[in-house]
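Examination of the molecular architecture
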Amino acid sequence: MMRNLVNGAVGGALATAVYSAMLMAADRAGLLEEPPPRRFVRMALPGRDKPRKGENVLGTIAHFAFGSSCGSVLGLLSAGQRVPVPIGTAYGLLVWYFGYQGLAPSIGAYPPVPKDRPGRQAALLAGHLLWGTALAFALNRLRTEKAPLTAELAPRLREEVRRPTIPTPEPVSAQVRG
């Protein structure tokens, strides 16, 4: 369980790096006005109206912490099994929905999705779909058991665990006498 939690957190951080690159591109294209991590930090700090020193760093830390924690949830839910890429993508959609239809409007960071600028929400949606896809790839790569645990493989694994490994002695003629 701990391994799944850690793999999910690492996978979430890796996926957040991919998503952050897309956010930078969307920001440069003028789709965001202000990157969401920075806006969320500004909403949490006193004096919301003006930029604060260090809010970019705090925004980045918060973004990776959130991405890692969401990744750890999928890591736990997958229980170390292979995550189909469409499941990861759908999970990214779920995180986007709860973030931008629930969390962001509730703290006043962004309006609800239907009332927000379509370009911003399209970029954020695409970024979260990319995040979920990257998370699935990362979780699958971080798994220790690379073969899928199918009904055919599971009995063989149990048999391997039960079978004692007793070393066989070498014949006397093969031993070197000193």
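Structure report, in brief.

Now for the overall build of the protein chain. Summing up its helical and strand segments, the protein chain has 6 helices and 0 strands in all. Reading the protein chain from its N end, one meets helices and strands in the order α-α-α-α-α-α. Of all 178 residues assigned to the protein chain, the portion counted as buried reaches 35%. Put simply, of all contacts in the protein chain between residues at least 6 apart along the chain, 73% involve residues at least 24 apart. About 11,100 Å² of surface is accessible on the protein chain, with carbon and sulfur atoms providing 66% of the total.

Among the secondary structure elements, Ser20 is positioned in helix H1 (residues 2-28). Not counting residues up to four positions away in its chain, the partners in contact with Ser20 are His63 and Phe64.

This part takes up a nonpolar patch on the surface. Nonpolar side chains collect at one region of the surface, where Met1, Met2, Leu5, Val6, Val10, Leu14 and Leu76 lie side by side and expose about 670 Å² of accessible area between them. In terms of residue count, H1 provides more of the nonpolar patch than any other element does, 5 residues in total.

The next subject is the environment of Leu23. Mapped onto the secondary structure, Leu23 falls in helix H1. Residue classification places Leu23 among the buried positions, given a relative accessible area of 8%. Placed 11 residues apart in sequence, Leu23 and Glu34 show a C-alpha to C-alpha distance of 10.0 Å. In this view, Leu23 contacts Leu32, Pro36, Pro37, His63 and Leu124; residues no more than four positions away in its chain are not counted.

Despite not being glycine, Glu33 shows a phi value in the positive range, around 70 degrees. With respect to the element layout, Glu33 can be found in the loop between H1 and helix H2 (36-44). You can call Glu33 exposed: its relative accessible area is 54%. Located in the positive-phi region is Ala79, a residue other than glycine, with phi close to 50 degrees. Tracing the backbone shows Ala79 in the loop between helix H3 (55-78) and helix H4 (85-107). Ala79 sits in the partly exposed class, given a relative accessible area of 48%.

On to the side chain of Arg120. Along the chain, Arg120 turns up in helix H5 (residues 118-142). Taking the relative accessible area as the measure of exposure, Arg120 reaches 4% and is therefore buried. In this view, Arg120 contacts Leu31, Leu32, Glu33, Arg39 and Tyr110; residues no more than four positions away in its chain are not counted.

So, how was this worked out
- Residues numbered from 1 in each chain as written.
- Predicted model: local features only at pLDDT ≥ 70, side-chain atom pairs only at ≥ 80, totals over all residues.
- Heavy atoms only, no water.
- Helix = DSSP H or I, 4+ residues; strand = E, 2+ residues; numbered from the N terminus.
- Buried < 20%, exposed > 50% of the residue type's maximum accessible area, 1.4 Å probe, protein only.
- Contact = heavy atoms within 4.5 Å.
- Areas by Shrake-Rupley, 256 points an atom, 1.4 Å probe, with all protein chains shown as cover.
- Patch = residues over 30% accessible without salt bridge, like charges linked within 9 Å, V, L, I, M, F, W, Y side chains within 5 Å.
- Salt bridge = Lys/Arg side-chain N within 4 Å of Asp/Glu carboxyl O.

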